[in-house]
Amino acid sequence: MSEQSRQEPGEWTESDIAHNARVWNYWLGGKDHYEVDEQVGDQVTSMYPSIGEVARADRAFLGRAVTHLAGQAGIRQYLDIGTGLPTAENTHEVAQRIAPDSRVVYVDNDPIVLTHARALLTSTDEGATSYVDADARDPAAILRAASGTLDLGRPVAVMMLGILNFVLDTAEATSIVRHLLGAVASGSYLVLTHPTLELGGEGNEAAMRFWNENATPPITARDRAEIEGFLDGLDVLEPGLVSCARWRTDGADEGPIVAQFGVMARKP
């Protein structure tokens, strides 16, 4: 068990099942996880050694995407769905460093994430940061709650990093995206990442099967065509749908290509 969980047992619900938010925290080098999360995380890593690189590339993509949105695109509102456990360089930190008046709503339905988010996801005086306890499968509830902080009549960046892969039915996942984007103003953005068995990720199939048998929530990969379906009706920014490790990177800082698509698209 991690040092964090020993020190603050009242903030945790002990579990014999590994959970995505905690395992992802483990892969990112955090302390907010249990022994079972380490065990499952290590087993997945042994089956798919690049998973740690995927986690780090996904996090770096978040920083580059929000930097573009807050800077060049002038976005001041963010709806970050599937927040996960807070780490360094969260959405509000990147956005408010560039534009202190940025307003950010985080969404997750994990009580562990809720506890940490309320304690750590603070805001500048000029901006706002709030947390919505809701399931990604209920976009109507997300939008109702988010409207208390965000003005949906103005552009919003809808951030869906590594969350649609937990919606196993592609038609349902597509419906969620369309519901969310249909409710926000013209000039809004969709930012997403998603695991795939393409981009050299074929070896991840067995690791995902192990995950679904030993951890929660279950996960699925999607191919390029399926992910492009989420982008229908949107204007996709360059360089398009690529490995998140290759989205608008400085060539000198590029790490290895990872089997995690990343993309940003604008609602016309």
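How each quantity is defined
Residues numbered from 1 in each chain as written. Predicted model: local features only at pLDDT ≥ 70, side-chain atom pairs only at ≥ 80, totals over all residues. Heavy atoms only, no water. Salt bridge = Lys/Arg side-chain N within 4 Å of Asp/Glu carboxyl O. Helix = DSSP H or I, 4+ residues; strand = E, 2+ residues; numbered from the N terminus. Buried < 20%, exposed > 50% of the residue type's maximum accessible area, 1.4 Å probe, protein only. Phe/Tyr/Trp six-rings, centres within 6.5 Å; stacked < 30°, edge-to-face > 60°.

(A) Summary view of the pattern of salt bridges. Tallied over the full model, the rule gives five salt bridges. In this structure, the salt-bridge partner of Asp 37 is Arg 22, at a minimum N-O distance of 2.5 Å. On the criterion of sequence distance, the pair formed by Asp 37 in helix H3 (residues 35-47) and Arg 22 in helix H2 (residues 20-27) is long-range, its members being 15 residues apart. Side by side, Asp 37 and Arg 22 carry an identical accessibility label, which is buried. One salt bridge connects Asp 135 with Arg 137, and the closest N-O pair in it is separated by 3.5 Å. Judged by relative accessible area, Asp 135 falls into the partly exposed class, the value being 29%. For Arg 137, a relative accessible area of 41% corresponds to the partly exposed category.

(B) Highlighting the packing of aromatic side chains. Within the structure shown, the criterion is met by two aromatic pairs. Ring geometry for Trp 24 against Trp 27: centres 6.0 Å apart, planes inclined by 70°, an arrangement best described as edge-to-face. With Trp 24 and Trp 27 both in helix H2 and three residues apart, the pair spans about one turn of that helix. Taking 5.3 Å as the distance between ring centres and 70° as the angle between the ring planes, the aromatic pair formed by Phe 61 and Trp 247 counts as edge-to-face. Taken together, the positions of Phe 61 in helix H4 (residues 51-70) and Trp 247 in the loop between strand E9 (242-243) and strand E10 (260-266) put the pair 186 residues apart, joining distant regions of the chain. Assigned by exposure class, Phe 61 and Trp 247 land together as buried.

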